[in-house]
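What the coordinates show
Each chain, written out:
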Protein chains: 8
Amino acid sequence: MVREELRRLLEGVRDARVSPGEALRRLAAPPVGDLGWARVDHQRGLRCGVPEVIYCEGKEPREVARIAREILRHGEGLLATRAGVVHARALRRVAPRATYHRRARLVALARPARGARPVGRVLVVGAGTSDLPVVEEVLYTARWLGARSEVLHDVGVAGLHRLLAHRDALAAARVVVAVAGKEGALPSVVGGLVSCPVVAVPTSVGYGASLGGLAALLSMLNTCAAGVTVVNIDNGFGAGVAAARINALAGPRPS
Amino acid sequence: MVREELRRLLEGVRDARVSPGEALRRLAAPPVGDLGWARVDHQRGLRCGVPEVIYCEGKEPREVARIAREILRHGEGLLATRAGVVHARALRRVAPRATYHRRARLVALARPARGARPVGRVLVVGAGTSDLPVVEEVLYTARWLGARSEVLHDVGVAGLHRLLAHRDALAAARVVVAVAGKEGALPSVVGGLVSCPVVAVPTSVGYGASLGGLAALLSMLNTCAAGVTVVNIDNGFGAGVAAARINALAGPRPS
Amino acid sequence: MVREELRRLLEGVRDARVSPGEALRRLAAPPVGDLGWARVDHQRGLRCGVPEVIYCEGKEPREVARIAREILRHGEGLLATRAGVVHARALRRVAPRATYHRRARLVALARPARGARPVGRVLVVGAGTSDLPVVEEVLYTARWLGARSEVLHDVGVAGLHRLLAHRDALAAARVVVAVAGKEGALPSVVGGLVSCPVVAVPTSVGYGASLGGLAALLSMLNTCAAGVTVVNIDNGFGAGVAAARINALAGPRPS
Amino acid sequence: MVREELRRLLEGVRDARVSPGEALRRLAAPPVGDLGWARVDHQRGLRCGVPEVIYCEGKEPREVARIAREILRHGEGLLATRAGVVHARALRRVAPRATYHRRARLVALARPARGARPVGRVLVVGAGTSDLPVVEEVLYTARWLGARSEVLHDVGVAGLHRLLAHRDALAAARVVVAVAGKEGALPSVVGGLVSCPVVAVPTSVGYGASLGGLAALLSMLNTCAAGVTVVNIDNGFGAGVAAARINALAGPRPS
Amino acid sequence: MVREELRRLLEGVRDARVSPGEALRRLAAPPVGDLGWARVDHQRGLRCGVPEVIYCEGKEPREVARIAREILRHGEGLLATRAGVVHARALRRVAPRATYHRRARLVALARPARGARPVGRVLVVGAGTSDLPVVEEVLYTARWLGARSEVLHDVGVAGLHRLLAHRDALAAARVVVAVAGKEGALPSVVGGLVSCPVVAVPTSVGYGASLGGLAALLSMLNTCAAGVTVVNIDNGFGAGVAAARINALAGPRPS
Amino acid sequence: MVREELRRLLEGVRDARVSPGEALRRLAAPPVGDLGWARVDHQRGLRCGVPEVIYCEGKEPREVARIAREILRHGEGLLATRAGVVHARALRRVAPRATYHRRARLVALARPARGARPVGRVLVVGAGTSDLPVVEEVLYTARWLGARSEVLHDVGVAGLHRLLAHRDALAAARVVVAVAGKEGALPSVVGGLVSCPVVAVPTSVGYGASLGGLAALLSMLNTCAAGVTVVNIDNGFGAGVAAARINALAGPRPS
Amino acid sequence: MVREELRRLLEGVRDARVSPGEALRRLAAPPVGDLGWARVDHQRGLRCGVPEVIYCEGKEPREVARIAREILRHGEGLLATRAGVVHARALRRVAPRATYHRRARLVALARPARGARPVGRVLVVGAGTSDLPVVEEVLYTARWLGARSEVLHDVGVAGLHRLLAHRDALAAARVVVAVAGKEGALPSVVGGLVSCPVVAVPTSVGYGASLGGLAALLSMLNTCAAGVTVVNIDNGFGAGVAAARINALAGPRPS
Amino acid sequence: MVREELRRLLEGVRDARVSPGEALRRLAAPPVGDLGWARVDHQRGLRCGVPEVIYCEGKEPREVARIAREILRHGEGLLATRAGVVHARALRRVAPRATYHRRARLVALARPARGARPVGRVLVVGAGTSDLPVVEEVLYTARWLGARSEVLHDVGVAGLHRLLAHRDALAAARVVVAVAGKEGALPSVVGGLVSCPVVAVPTSVGYGASLGGLAALLSMLNTCAAGVTVVNIDNGFGAGVAAARINALAGPRPS
């Protein structure tokens, strides 16, 4: 349960749309769902604004499904990352209305109480077509968290005109997420073009001295553009959460 | 000149507080101040919200002073980072009213047109007393950029009660900057307590396998707390800029 | 043969429960079992308190079985680590009563002479569900060595309340083993909460800049909590032995 | 205040050796000593068994002295690590009876209430004469924490007879701390000779591919001797605390 | 003696401007000048187009002077790199007409027979003012080798307009040398703007995760702009030689 | 479209070989081919001399084919690198006349307008038979770009006579590309034998401390032969482009 | 052809056992066997004492067979390393009498002219059973080169008595090759026990911080035992050649 | 005392040149000289052929002198490595006839009983003049151990003719030590020219991506020349010992 949902629940009681008994049931839920081998943190949404999310890598499909059921029982929607096809299948059995974003390896089910339409403007820019999976992981994570989010594909620095052609989109963003592998130069160039926060995501795209994305990561950490911050290699989910949090801060943007 | 100053200049012309000639002079300034060996980017404030800042490390004091004079000639205030005592002395000759934050190694002169009082709430939390220089670099940078900013010193994770005693301050922040050396665990713990954006700054405090701060950096990049973003080791300036940008996005915060 | 077993053997002779001939046979065993290509160290139990243990990785099942037979011939129980299904099957043929802990990849057969009930209190705390295999390797190793051992699953620092809810268990432990991947912050937080020895185990859980567990390892080595010691990445066996040795030192704990 | 001291204080009240008022004063002390830029954790002794210790590296002598005064005001003795001559001089002004172990760079003042004589047996073994500073940091830290502690100098593996000549000392130890630089092989050899816990300390002694002690650190983490645990490079203090904690667990050792 | 000089010598004999005896003296010089502890490679100019150059770092001034005298005796001009003030002074005693480029740490004396005016067009672009020493090392090396060479200072990617304003200079170059520290993005952007060869030089400018220039080096090796080649960190000399060699290949450039 | 093709098109209009309408169609093509998820840079050939090339690794065959079709529609020939058999098959369906160089993993279709015969002389030297795939990637890339290119196989430094036997070929080259794995010494030896530019390509051939080619890469970056430049590990394509660009600069070489 | 074989050939001519024609044929063989894509170095035996050996990794079986045929045509015996089963099968077709040492991945065919019985004494000591493949690669390589060679298996330092029991074998060796993974301590201990040359071979046995054998490699390079030299990780072949070369130097050893 | 000296002592007794009492005194010396903080290994010479040698780095001059006195009291000559001027001065006070090789940082006093003239032939080849200190450390160490040793300076691979001119010296050597920094290619080239053992020594000469000598070290470990072995960076002493041991094995070399 995130803060917003709690507020709505209390307003529901005030307005008699929700019975005190129902509210009690939801509020009396234990803060931790203990599955024996896992401990689902039901307070996380309230505390951090992002409910517990399932990281599927290395978990067996039935474990993932078991955790999902526990989360869904508390009515917070569902997000599962690094989900392979087998994970997706197991989750769809538990949450038939969930969507599987195959390239992004995300399974998402909108949070029921979130209602409302997306706010703000997150712009995700990707350097190359090989960065697509990470770009989409950012995109769908941010959307799942309620942020209006758009993408600018394949605008790497070796053909600057592709990026410069979209200066309006850059200027309109509240937060830009720049995704790049290889030499990871895109966030530095973007950081020199905008005044909003920029989150950089290195990807493992590349070979040899790319060292699995370390070259791009180091490049981004050393950016000459002030105010760019960085997440782990291929961590589209983390960047999506950071962007959504920043985006959520903003009131209506003065034009 | 940042966007806000440009708006004010134009309003000044409209309101006849500024003569068109004076406005012309300021707007007609070339976008780059060419010193032969340096090229001061006078558009940066307008473009990125942060005017050109002087990085003193490895520059000679007279070079630093020369660049400062060029910046001041365009009336944007002044910030110089990694400034040793000799740099500070040279800068004070050019900008006598500037302040030297010795521990933070910053020389700062408030931007004249910025006026107004600080907005939002940036909270800088530091893990140990050895992290003070970086903590203060974040603090004074954020303040220079107009952010209301406070500090929580010496709240490392080996004594959690020191941090947990300040949950209200954490909850009141629009953005938290968590600074830590050694194992760099503070941002992960902070990230689990708040719902606002968190910027993590690794410091080079430590020895041996700390590898000059790499251990803390890697730790922060791998944080289990979603949505934490990271800057370079000891990069208090970068974190201050990022925090100020995020903080500036926010309208009045609902209580 | 560990020291305790030797003592019991000699007492058996004194009490006429064991014939001198039988004792002779066992004591006259050569200190090394030479298989041509392997040299089983039969003195290790006596010398180090831990009998020779089989590391299965990279060995063929029949080799593992051959070594197991040599160990069993000297009556010391059996422990085989990093055992895949094929290793387990081969070992079960040699030692039908042995247990295969699949997730922990351990094959264990209790040492016959060990008798007695487990002593002390080893507490294994794990940061996340992905750390389960290593957590269980610690657990079953420590139990095999005679230590009373319990587990606290999924108490990573991003949801501190999950850990803090178990302060009594932490206070009751003689030694805590803290297992974590990603940023590896758990041992630092645990180290700030207890006064008993803490052994930290980094896991290879993570991706990108986790560098196969190096990030967690470095984090733990640089912990700000004094007195935490560390073992190799994913080395649940080593941590289990260390914990059991420490645990074995303790007499009854004053409450 | 460590647990033992608390017990003694309460017994003093019971036995009327301490007035309730005096006990009140000491117990009512705030858990944190807030110096503005530093937050001394007065609960640490009670919580972790080791009072707050001052890490001098990078602090100015007057800062170190200021923290020391705050610690001494709560009567817990004093330990300052990585203390240069100037730190020692400043500390001696605050605590004239403190001892400066120059090679170990420690300033130590025994905890007044600790009374009693040292218990157990910690054995510190050092590989070479260049490792002396770290060896002595372990030694004096363990002694300050109440552990009976001895040293075996210069017993590196290139002359095994030097170590093997002291098997009795090894057998008599409750915990062995093995300190080595270069290839760091000593803990592996020691680990094969004893059944008590072994703590390994890599030192930065070496050059070239020693990588500032990383070679020794990696060697120790990969030891083939089960149950050896490791601390950071040159971290004699951490090893001393770990050893003292383990040593404190033990009741009288059966011979 | 480079190939061009050899040709000129032979033409001199043909045209009776040089006596056969004098030519004999120069051609009969041994291919190696043996100083006992050094072996000056007098064939290198002929073989590789670049005469032996003195690397001063770690050599004593009198050694440097001794080698210089040997080189000058064969009349090839002189270039000494990484020359400190003391080296420069010693070299000026041997070659009074040599120039000391202090920032570039080069001592240069034009090769007498080179005559002619510089050819081609080498353009050196530098990302920031801190990169000046390396930029100038490239510049003066290329000029010493006969290449017409110009510089574009301080055109880092955080202010793209500074670089884009000089597209004509880029288009006119036969080879571009791009020098950058920190994230090293400049060569990638330059590589996307030109069709001539681009040589990238990473510098050690930066801190923390810049790892002494490794971040910039890795960035450049992974550039998404095809056809960029890279030299060692801070290796302005190597880049200058490479650029001069490439530049020398070109005949008159079609406009 | 590369510059040369543009010139030819305009000459075609002048000479009435191409109708203005046809020229219009080709020149009016948008600079970017937007496929939604990819943005083909149709200006690249004109700007950089090398048309957009498809990097197949990690792309699905149908994506590769889709991009190829977009490129072919603009008539620039086709080059696809890191193409597996399935990519090759998909590309052959789109471009039936393309050649698949299986060992080099290249799919190439000559640019129709390129006409003319190859110019200059690129010499590719390979250290061992295991380096063949990279050697051939250099070769066919350079040829596709119009460079006359030859190979010298298996001339590693452990048998110098194999290389020294081909000094004439070395002397005749305008640019040498030296490909080597393991210790990567070949470019240093070659660099000492020639006066033309040398491009070094490290390969991932080797094991253990070769670190996937890093050893060879570092070796080449530290070469004692001045003027050698380096590309990424296994980046035969990049070296081929660099060599072709350098080669293209040269007018007829004086003998 | 190695030097010894050349001597024997010439003696054969002198003694009329070999016809001049036959000797001519063998001596007139070109120094390089050019296969187009490979260049077999037929002089290597004569020059270096070790004929060209085939490294199979990454080569196709038919390529390996093709090279083998070329080598065999010059009558030097055959050694192929890193040979998988398919390589072995292809080689056996060319050299039916060759032996395949499967664990060592070697295919060996004794050199016909070598005759004589093995000389000297190479002792290969291995730390653990997992090191067997490398131990055997050393053994069979040394034997193929004519060295009398024995093995001591599984004598790692965690059970020193296993090694110390074989001091006579150590004392009798002319050169010891010590093979170890994990912490790689064995060569340091061996180096302290013998006065003959010691060659150390790190293996990739281990996990986590073993970093694929780097930990063992660094350990060995930093050995405190003077005079130990090291080869690449898992390079049993290189160690075998080095040992055989050293062994071959020795005349009869004084007892 | 090395084995040879022991033999000579016993022969002296047999021949009545040494009194039994004197022999008794020397043989009865304890195997370890215990200085409290240091343990001089008097058996090392006998066991390993090389007496204990003093490593001065990080030791105080008076400590070094104290150890030297203990060694000299046993009459084994003296070698001290990494000796600065102050160490040399302190040692000369204890051993006035010792020589200080300043560049090599060695203090050496010939072993009195060694008598005889140097044997065999060690050839030390150095790549550049900056490698001189390490080259001389190898040279004087080998000579101190009784090996006839010569040097070939400044024969790096960028000018191959310098090395190839000395093929006779290479052919005459029993062991070659190849010393090189930067790319470390020299041992690979030497290894392809000789049939005797080759020991490679990487030096820290270089900058940037030389990583303090790691590049040269990795290069040498990956050499394509079979049978080259390697020591630590700048470890001239270790290479000298290894070379002397190998050299000592050889009987008279057949020509």
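Residues numbered from 1 in each chain as written. Chains lettered and ligands numbered in written order. Predicted model: local features only at pLDDT ≥ 70, side-chain atom pairs only at ≥ 80, totals over all residues. Heavy atoms only, no water.

**What about the interface of chain B and chain A?**
Across the boundary between the two partners, chain B contributes 35 residues, which contact 35 residues of chain A. Between chain B and chain A, the buried area comes to about 2800 Å², and carbon and sulfur atoms account for 58% of it. When the buried surface of chain B facing chain A is broken down by residue, Leu-221, Arg-245 and Leu-249 of chain B rank first, second and third, together holding 23% of it. Our enumeration of links across chain B and chain A arrives at zero salt bridges. Taken together, chain B and chain A are joined by eight residue pairs in polar contact (both at pLDDT 80 or more). Listing elements by their share of the side of chain B that touches chain A, those giving two or more residues are α3 (44-48), β10 (198-202), α10 (214-221), β11 (228-230) and α11 (236-249) of chain B. Sort the elements by how many residues they give to the side of chain B that touches chain A and α11 of chain B lands first, with seven residues. A per-class count over the side of chain B that touches chain A returns 19 nonpolar, 11 polar and five charged. (Contact = heavy atoms within 4.5 Å. Buried area = accessible area lost by both parts, 1.4 Å probe. Salt bridge = Lys/Arg side-chain N within 4 Å of Asp/Glu carboxyl O. Polar contact = N/O pair within 3.5 Å; in protein donor to acceptor, adjacent residues only side chain to side chain. Helix = DSSP H or I, 4+ residues; strand = E, 2+ residues; numbered from the N terminus. Nonpolar A, V, L, I, M, F, W, Y, C, P; charged D, E, K, R; others polar.)

**Details of the pairing of strand β4 (residues 78-81) of chain E**
All names here are of chain E. The alternating pattern of β4 places Leu-78 and Ala-80 on one face and Leu-79 and Thr-81 on the opposite face, and all of these are buried. Pairing analysis gives two bridges linking strand β3 (residues 54-55) to β4, with the strands arranged parallel. Pairing of Tyr-55 across the sheet is with Thr-81, part of β4. Of the pairings in the sheet, the one linking β4 to strand β6 (residues 106-109) comprises three bridges and is antiparallel in character. Its bridge partner being in β6, Leu-78 is matched across the sheet by Leu-109. (Buried < 20%, exposed > 50% of the residue type's maximum accessible area, 1.4 Å probe, protein only. Pairing = 2+ DSSP bridges.)

**Describing the packing of aromatic side chains**
Enumeration over the complete set of coordinates arrives at eight aromatic pairs over all chains. Directly above the aromatic system of Tyr-55 of chain F lies the positively charged group of Lys-182 of chain A, at a separation of 5.0 Å from the ring centroid. Arg-82 of chain F extends its terminal NZ or CZ atom over the ring of Tyr-207 of chain A, reaching a point 4.0 Å from the ring centre. (Phe/Tyr/Trp six-rings, centres within 6.5 Å; stacked < 30°, edge-to-face > 60°. Lys NZ or Arg CZ within 6 Å of the ring centre and 35° of its normal.)

**Quick word on the interface of chain E and chain H**
Chain E puts 22 residues into the contact, and the matching count from chain H is 19 residues. Of the roughly 1600 Å² buried between chain E and chain H on both sides combined, carbon and sulfur atoms contribute 51%. Seen at the junction of chain E and chain H, the total is 11 residue pairs in polar contact (both at pLDDT 80 or more). Mapped onto the side of chain E that touches chain H, the elements with two or more residues apiece are β2 (39-41), α3 (44-48) and α10 (214-221) of chain E. A breakdown of the residues in the side of chain E that touches chain H according to their chemical character gives eight nonpolar, four polar and 10 charged.

**Focus on the relation of the copies chain B and chain A**
When chain B is fitted to chain A, the best match, at an RMSD of 0.0 Å, comes from turning it 180 degrees and sliding it 0.0 Å along the axis. As the rotation angle and translation indicate, the two copies are arranged about a two-fold axis. The C-alpha atom lying nearest the rotation axis in chain B is that of Ala-250 of chain B; the distance is 2.1 Å. When the interface residues of chain B are mapped onto chain A, 100% of them again fall at the interface, so both copies present the same face. (Least-squares fit on C-alpha atoms with pLDDT ≥ 70 in both.)

Don't take any of this as a statement about function, it's just geometry.
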